[in-house]
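Chain residues, written in single-letter form:
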Amino acid sequence: MAFHYKGGWYWERLSNGSVRLFHLQQDSSVGVELKIDSDSWASIVASVSRSGETGEQFQLAKALHGG
């Protein structure tokens, strides 16, 4: 199940650990889609954390996301 952010943007965690971001058009078709692998997603989460991206923050984000 995808989480709705706002303005037609959604995100969901896929079974392989990657993350899918997508935007639905008014006719319910997908206008934009981006899939981010799990390591890159953990890097993104770590980089926007208060401490910034360090090896430790990356490992914590990766563990939080499911390993």
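This text gives an overview of the structure that appears in the document. (Residues numbered from 1 in each chain as written. Predicted model: local features only at pLDDT ≥ 70, side-chain atom pairs only at ≥ 80, totals over all residues. Heavy atoms only, no water.)

**Concerning the overall build of the protein**
Looking only at helices and strands, the protein has two helices and four strands in total. Counting helices and strands in the order they occur from the N terminus, the protein gives β-β-β-β-α-α. With respect to the principal axes defined by its C-alpha atoms, the protein has extents near 45 × 25 × 15 Å. A burial count over the protein gives 24% of its 67 residues as buried. Of all intrachain contacts in the protein linking residues separated by at least 6 positions in sequence, the fraction that spans at least 24 positions is 8%. The distance from the centre of the 6 positive side-chain charges to the centre of the 7 negative ones in the protein is 5 Å. (Helix = DSSP H or I, 4+ residues; strand = E, 2+ residues; numbered from the N terminus. Buried < 20%, exposed > 50% of the residue type's maximum accessible area, 1.4 Å probe, protein only. Contact = heavy atoms within 4.5 Å. Lys, Arg positive; Asp, Glu negative; His and termini not counted. Charge placed at Lys NZ, Arg CZ, Asp CG, Glu CD.)

**Some thoughts on the environment of Lys35**
The residue Lys35 is located in strand β4 (residues 30-36) in this model. According to the relative accessible area criterion, Lys35 is exposed, its value standing at 54%. It is 9.6 Å that separates the C-alpha atoms of Lys35 and Arg13, two residues lying 22 residues apart in sequence.

**Remarks on the sheet that holds strand β2 (residues 9-13)**
Taken in spatial order, the four strands make up an open sheet running β1-β2-β3-β4, and their pairing is antiparallel. Each having just a single partner strand, β1 (3-4) and β4 make up the two edges of the open sheet. Relative to β4, strand β3 (residues 19-24) is paired through six bridges, and the arrangement is antiparallel. Bridge assignment links Leu24 to a residue of β4, and that residue is Val30. (Pairing = 2+ DSSP bridges.)

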